[in-house]
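So the chains spell out like this:
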Amino acid sequence: MMRKLLCSVPGLVWAGAASADYAVNMPKGVTELSAETYEIHMLAFWWCVAIGVVVFGAMLYSLVKHRKSKGVQPADFSHSTMAEVVWTALPCFILLFMAVPAAETMIKLEDSRDPDMSVVVTGYQWRWHYDYQDSDIAFYSSLAESSLKARRLESGIDPYSVENYLLEVDNPLVVPVGAKVRVLLTSNDVLHAWWVPDLAIKKDAIPGIINETWFKADVAGTYRGQCAELCGKDHGYMPVVVEVLEADAYAEWIAGQTADTTGSNE
Amino acid sequence: MADHGPDKGIKRWLYTTNHKDIGTMYLIFSLVMFFIGGSMALVIRTELMQPGLQFVHPEFFNQMTTMHALIMVFGAVMPAFVGLANWMIPMMIGAPDMALPRMNNWSFWILPVAFGILLSTLFMPGGAPASGWTMYPPLVLQTGDAFPFLIFSVHLMGISSIMGAINIIVTILNMRAPDMWLLKMPMFVWTWLITAYLLIAVMPVLAGAVTMLLTDQFFGTSFFLAAGGGDPVMFQHIFWFFGHPEVYIMILPAFGVVSEIIPTFSRKPLFGHDSMVYAASCIAFLSFIVWAHHMFTVGMPLSGQLFFMFATMLIAVPTGVKIFNWIGTMWRGSLTFETPMLFALAFVFLFTIGGFSGVMLAMVPADIQYHDSYFVVAHFHYVLVPGSIFSLFAAAYYWLPKWTGHMYNETAGKLHFWLSTFFVNLTFFPMHFLGLAGMPRRIPDYSTQFADFNWMASVGAIGFGLSQLIFVYVLLTCKKGAKATDRVWEAPKGLEWTVPSPAPYHTFDTPPVKRVAQEAFE
């Protein structure tokens, strides 16, 4: 406890510069649009910082300089048309600077035309089902055994001893690098949401509706996320894992899947 | 007749039609709910202190998040502002009481019933509602025996709010002192007038939404059931058409409170009174056309998303005007820092931080990342805790001498302020980082990479909870404080400061004469 206390307090103050243990910002991700999303996030953030410096600066100046204890006599002005026009109009322009790039990215994000492959993702209480539209591959993806054991109340297993605690599945979604993957989302029971921060996509899985989104991962690797829409008691236990493979490794994986009919399509 | 006092014993409180008694009951009720909802928050934060499940099952965890929100929104924040309205609006506009005193009694006494029902669901088979306060179908339909009780209690809260709102509108529009034309009204009265219209507009919408849930569950309809041709997303549209104005219902009266307090302790009139009124009206109007920004991931047409993004960003303009006006009020004033002023200043600082994250959340591509993550949790707690709740503390310290006739313990008040401010930031600031790093909200357990900030937030929450006991101490010891003068503070404006402290049981049996009214305002 004490060790944590000692680490945490400076951690809060110096969070921005702290060690790699602290993820304090949105990941830049591995797609063109995740990088753009990150830029928009940082653009909004820096505008907020700039406005904050001006607003809080003015306020602090007033708090320090205009104190009764310094013998200040209060002024009695109660409006200034000039100031009011400026501080109404100026924010409108600042907002325009933020809105335009956000809208541009939005338009790209919604353009799911001409995909290289499509996967139907179905949410269940509490796991995902992936169905590859361009082949017979289909399987469920549930929380990995190691996390499943450790997550129980009074399990006696230290979560720190489990690799990727709560973020590991038995069968990840496997896709090739550089392919435009269209994700079609629906649900079999209640609402779920499919979220992978590194791919910068999050979309609700809704019964009776097929939602659409897409991603094109530029870097091979394993990307982890979680269900983001409250879906009942095990909402915290249905992670999303996407494995992005190089073309030849992906071909190998496909071959393995089609040969092994026992493990799929249950 | 004018001098008759209150009944004795319990009858005074059961039968009262006096706005001050009813205001007191509302305020005490909301404080009790604040502690009940707060202890649920502590259950949540205790479980989240470390990765792994230590104390509660996920089912119960979800019941806690749901009940915490319902109780804080409908039981703590809203009734507290109605309590302030009851106490202060008649005294601020020079009216003898609320316009509809019997309905006033009724609208209060519905609340303990509504929350008795809601809290009783904790002991029902299947437990309390666990689908989040947003009650999204189809999940909410999996609630156990608690389901109809949830719907019924929401109906009762809605009825109470609507009656309270009608009463406030009728009182303000009909019972003002002579010569107090609309643009002369104090800001607290103005913001409540606007809030009351919002309440009347949206509470029936919520009632309609939950009634459709009820018929879907028990009477074979399929409003929100895909299998029967319904649409689960329609519920979200209806809910947030209520839900977004609801957000402003919880913050506009807070704007009013702060607009009363800052001029008093700056010894300077409120800067831009009229533009404050227009800004509040503008916010109220915009609140009706931004609801779908809560739903950017449900799959809307691009044009819809862009519209809701632009409309949402626009809210920053009138909100900014308010913040600039408060700073304009302080500018070249003669500031002192009594407890109400401290809470009001922290409100301006920390609400602005919540406003910043609000602007960030409006940007759709970024919102797709923030949505349903702890970033959102941080955002709305910043506007609700150091926003609404701090303004309520500010109001309580500001008017307590007027209510009780005694000064509260200033040292304890300041201690309450500094501890609350430190811990509220320790609790909610790290949540921004958690959300950006990818932690979803409403989960009972998390991956180890989120452990440190969660631990910090939990320590902060426990500290914040304990700090609130100082407030109870201040209230309980207030009677021992020095006698308050009629004006209480050095330079307050408004009719409430022209009556004795404590305010007599009946005030303004005859309307204040023009001269008194003018002195109070100008």
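What counts, and where the lines are drawn
- Residues numbered from 1 in each chain as written.
- Chains lettered and ligands numbered in written order.
- Predicted model: local features only at pLDDT ≥ 70, side-chain atom pairs only at ≥ 80, totals over all residues.
- Heavy atoms only, no water.
- Contact = heavy atoms within 4.5 Å.
- Buried area = accessible area lost by both parts, 1.4 Å probe.
- Salt bridge = Lys/Arg side-chain N within 4 Å of Asp/Glu carboxyl O.
- Polar contact = N/O pair within 3.5 Å; in protein donor to acceptor, adjacent residues only side chain to side chain.
- Helix = DSSP H or I, 4+ residues; strand = E, 2+ residues; numbered from the N terminus.
- Expected span 1.5 Å × (residues − 1).
- Buried < 20%, exposed > 50% of the residue type's maximum accessible area, 1.4 Å probe, protein only.
- Pairing = 2+ DSSP bridges.
- Core = buried A, V, L, I, M, F, W, Y, C linked by side-chain atoms within 4.5 Å.
- Domains from an automatic or database assignment.

### What to know about the interface of chain B and chain A
Consideration 1: At the interface, 103 residues of chain B touch 94 residues of chain A.
Consideration 2: Carbon and sulfur atoms supply 72% of the area that chain B and chain A bury against each other, a total of about 8,500 Å² over both sides.
Consideration 3: Among the residues of chain B in contact with chain A, F349, Q369 and W455 of chain B are the three that bury the most area, contributing 9% of the side total.
Consideration 4: Taken together, chain B and chain A are joined by one salt bridge.
Consideration 5: Between K68 of chain A and E490 of chain B there is a salt bridge, with its nearest N and O atoms 2.6 Å apart.
Consideration 6: Where chain B packs against chain A, one counts 22 residue pairs in polar contact (both at pLDDT 80 or more).
Consideration 7: Going through the elements one at a time, α3 (58-93), α7 (232-249), α10 (302-314), α11 (316-330), α12 (339-362), α13 (364-370), α15 (410-436) and α16 (451-477) of chain B are the ones with two or more residues in the side of chain B that touches chain A.

### So, helix α2 (residues 19-47) of chain B
Side chains that are three or four residues apart share a direction in an α-helix, a result of its 3.6 residues per turn.
Consideration 1: The end-to-end C-alpha distance of α2 of chain B, which contains 29 residues, comes to 42 Å, matching closely the 42 Å that a straight helix rising 1.5 Å per residue would cover.
Consideration 2: The residue sitting at the N-terminus of α2 of chain B and contributing the capping side-chain oxygen is N18 of chain B; that oxygen lies 2.7 Å from the backbone nitrogen of K20 of chain B.

### Thoughts on the side chain of N454 of chain B
Residue and element names in this part refer to chain B.
Consideration 1: Residue placement: N454 occurs in helix α16.
Consideration 2: Looking at N454, the relative accessible area reads 0%, which means it is buried.
Consideration 3: Within the structure, N454 has its side chain in polar contact with the side chain of R45 (distance 2.9 Å).
Consideration 4: If we ignore the near neighbours within four places in the chain, the residues touching N454 are R45, L48, M49, L434, M439 and Y446.

### A word on the pairing of strand β6 (residues 192-196) of chain A
Residues and elements named next belong to chain A.
Consideration 1: Summarising burial for β6: five of the five residues are buried, a large majority.
Consideration 2: Residues of β6 alternate between two faces, with H192, W194 and V196 on one and A193 and W195 on the opposite face, all of them buried.
Consideration 3: Sheet topology note: the β6/strand β7 (residues 201-205) ladder contains five bridges and is antiparallel. Paired with V196 across the two strands is I201, which belongs to β7.
Consideration 4: Connecting the antiparallel pair β6 and β7 is a turn made up of four residues, with A200 showing a positive phi of about 55°.
Consideration 5: Sheet analysis places β6 next to strand β9 (residues 221-227), joined by two bridges and oriented antiparallel. Bridge assignment links W194 to a residue of β9, and that residue is C227.

### Re the nonpolar core
Consideration 1: Core analysis: the biggest nonpolar cluster contains 228 residues, and F74, L84, F115, M135, W192, W326 and W399 of chain B have the highest contact counts within it.
Consideration 2: Ranked by residue count, the leading element in this core is α3 of chain B, at 23 residues.
Consideration 3: Two domains each provide a minimum of three residues to this core, namely domain 1 (32-68 + 77-110) and domain 2 (117-265) of chain A.
Consideration 4: If near-sequence neighbours (up to four positions away) are discounted, F74 of chain B is found in contact with P79, F115, W133, M157, M203, L206, F242 and E246 of chain B.
Consideration 5: Counting 35 residues, the second-largest nonpolar core is a separate cluster that includes L173, V181, V190 and F215 of chain A.

### Some thoughts on the pattern of salt bridges
Consideration 1: In total, this model carries 13 salt bridges over all chains according to the counting rule given.
Consideration 2: In this structure, E168 of chain A engages R224 of chain A in a salt bridge whose closest nitrogen and oxygen atoms are separated by 3.1 Å. Linking E168 of chain A in the loop between α4 (145-150) and β4 (173-176) with R224 of chain A in strand β9, this pair joins segments that are 56 residues apart in sequence.
Consideration 3: One network of salt bridges, with partners in common, ties together K68 of chain A together with R267 and E490 of chain B.

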